[in-house]
Amino acid sequence: MCNIRLSLGFLMMGASIWMGMAHASNAVLEDRIVAAVGPQVITYNELSSQVAMAMHQLEQSGQTAPSADVLRHEVLQSWIDEQLQLSLAEQWGIDASEAAVNAAIKRLAHGQPVSDWIKATGVSQAQARSKVRSQLLIMQVQTRALAGQVHITSRQVRDFQRAYEAEHTQVHVLDWLS
């Protein structure tokens, strides 16, 4: 875990230096490696493509996009985090079966034909399956990482349930009185 944090620190430092250099020059930039996590790399053109997709998704959802520099940094950081977690999945021997990927895609399609859902995402079927597989692996890594850290007793569950029921009973009474 220490090696991963150290690697992440160097990657973030390299990304910061790269982003600073990109601001310092208006010269045409060639495609080059922006960041690497293990054997995985992201090039300038790939990062630019992902930033453009993120910008498009923000516009489609009606959200205000941050500045291009902020969005580029967020997309790069997200890619690094994803690659680190996928690396952990590989190290821990975590895998997502084809059946699990198929089931997740069916849930994401919300009852529409899967081919229509994939077409609506704007990526190829292989890309969509790869992204879903990656997300399943990341969820398993996060679950495993947190499993030993979360301890909830039966008493805590009962106390929460009582507090929840009491709060909602009060809300209903107040709604009725108003």
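In this report, we go over the structure that sits alongside the text. Computed from a prediction, not measured in an experiment: that's the story for all the values here.

**A few points about the pairing of strand 1 (residues 33-37)**
1) Next: In the sheet, strand 1 pairs with strand 2 (residues 40-43) via four bridges, with the strands oriented antiparallel. Bridge pairing links Val 37 to Gln 40 in strand 2.
2) Next: What sits between the antiparallel neighbours strand 1 and strand 2 is a turn of two residues, in which Gly 38 has the positive phi angle 60°.

**Here we look at the packing of helix 2 (residues 44-60) against helix 3 (residues 68-92)**
How two helices pack is summed up by the angle between their axes together with the distance between the axes.
1) Next: Relative to each other, helix 2 and helix 3 sit at 110°, their axes nearing to 9 Å. As summarised for this structure, helix 2 and helix 3 are arranged roughly perpendicular, according to the angle between their axes. Helix-helix and strand crossings are classified by hand; for helix 2 and helix 3 the assignment is right-handed. Taken together, the residues of helix 3 that come into contact with helix 2 (itself represented by Leu 47, Gln 50, Val 51, Ala 54, Met 55 and Leu 58) are Leu 71, Arg 72, Val 75, Leu 76 and Trp 79.
2) Next: Looking at the contact of helix 2 with helix 3, its residues break down into nine nonpolar, one polar and one charged.

**A short note on helix 2**
1) Next: The terminal C-alpha atoms of helix 2, which comprises 17 residues, lie 24 Å apart, in line with the 24 Å expected from a rise of 1.5 Å per residue.
2) Next: The complete set of buried residues in helix 2 reads Tyr 44, Leu 47, Val 51, Ala 54 and Leu 58. All buried residues of helix 2 fall inside an arc of 85° around its axis, so they share one side. Residues of helix 2 that are exposed and point more than 90 degrees away from the buried face comprise Gln 57, Glu 59 and Gln 60.
3) Next: Just past helix 2, the residue Gly 62 takes up positive phi, approximately 80°.

**Thoughts on helix 4 (residues 98-109)**
Residue pairs spaced three or four apart in an α-helix point in one direction, given the helix's 3.6 residues per turn.
1) Next: Here helix 4 is twelve residues long and its end C-alpha atoms lie 16 Å apart, about the 16 Å a rise of 1.5 Å per residue gives.
2) Next: Of all the residues in helix 4, the buried ones are Val 101, Ala 104, Ile 105 and Ala 109. All buried residues of helix 4 fall inside an arc of 135° around its axis, so they share one side. Exposed side chains of helix 4 directed beyond 90 degrees from the buried face belong to Ala 99, Lys 106 and Arg 107.
3) Next: Those residues of helix 4 hidden inside the fold are in contact with helix 5 (114-121) and helix 6 (125-147).
4) Next: Trailing helix 4 by a residue or two, His 110 shows a phi angle of about 50°, which is positive.

**Focus on a nonpolar patch on the surface**
1) Next: A surface patch of nonpolar side chains, amounting to about 380 Å² of accessible area, comprises Leu 146, Val 150, Ile 152 and Val 157.
2) Next: Examined against the element boundaries, Ile 152 turns out to sit in the loop between helix 6 and helix 7 (154-177).

**Observations regarding unusual backbone geometry**
1) Next: Of note, His 110 is a non-glycine position whose phi angle comes to about 50°, a positive value.
2) Next: Along the chain, His 110 falls in the loop between helix 4 and helix 5.
3) Next: For His 110, a relative accessible area of 72% puts it in the exposed group.

**Thoughts on the side chain of Arg 72**
1) Next: Its place among the elements puts Arg 72 in helix 3.
2) Next: By relative accessible area, Arg 72 is classed as buried at 19%.
3) Next: Of note is the side chain of Arg 72, whose polar atom sits 3.3 Å from the side chain of Asp 69.

Conventions and cut-offs
Residue numbering note: each chain is counted from 1, following its sequence as written. The predicted nature of this model means local features are confined to residues of pLDDT at least 70 and side-chain atom pairs, given and counted, to a pLDDT of 80 or more, with totals for whole chains, interfaces and linings taken over all residues. Neither water nor hydrogens contribute to the side-chain values; these are computed over all heavy atoms in the structure. A pair of strands is labelled paired if DSSP reports no fewer than 2 bridges between them. We count a stretch as a helix when DSSP gives it H or I for four or more residues in a row; a strand needs E for two or more, and each element gets its number in order from the N terminus. Each axis is a line fitted through C-alpha atoms, and for a helix only the stretch in contact is used; angles between axes span 0 to 180 degrees, taken between their N-to-C directions. Should an angle fall under 35 degrees it is taken as roughly parallel, and over 145 as roughly antiparallel, whereas 65 to 115 is taken as roughly perpendicular and any remaining angle as oblique. By definition, any crossing whose near helix is turned counterclockwise from its far helix by less than a right angle is left-handed, and any crossing with a clockwise turn is right-handed. Whether two residues are in contact is decided by their heavy atoms: any pair within 4.5 Å suffices. All residues other than Ala, Val, Leu, Ile, Met, Phe, Trp, Tyr, Cys, Pro, Asp, Glu, Lys and Arg, Gly among them, are scored as polar; the first ten of these are nonpolar and the last four charged. In this scheme, a helix's expected span is set at 1.5 Å multiplied by one less than its residue total. For every residue, the accessible area obtained with a 1.4 Å probe (protein chains only) is divided by the maximum for its type, and the residue is called buried under 20%, exposed over 50%, and partly exposed between those limits. The arc in question is traced by the directions running from the helix axis to the C-beta atoms. Patch definition: residues above 30% relative accessible area lacking any salt bridge, with like charges linked at up to 9 Å and the nonpolar side chains Val, Leu, Ile, Met, Phe, Trp and Tyr linked at up to 5 Å. What sets the accessible areas is the Shrake-Rupley method with a 1.4 Å probe; for residues, cover comes only from the shown protein chains. Salt bridge, as used here, is a side-chain nitrogen of Lys or Arg placed within 4 Å of a carboxyl oxygen of Asp or Glu. For the purposes of these results, a polar contact is taken to be a pair of N or O atoms within 3.5 Å, where, inside protein, one atom must be able to donate a hydrogen and its partner to accept one; residues adjacent in sequence count only when each atom of the pair is a side-chain atom.

Read these as spatial facts, not as claims about activity.
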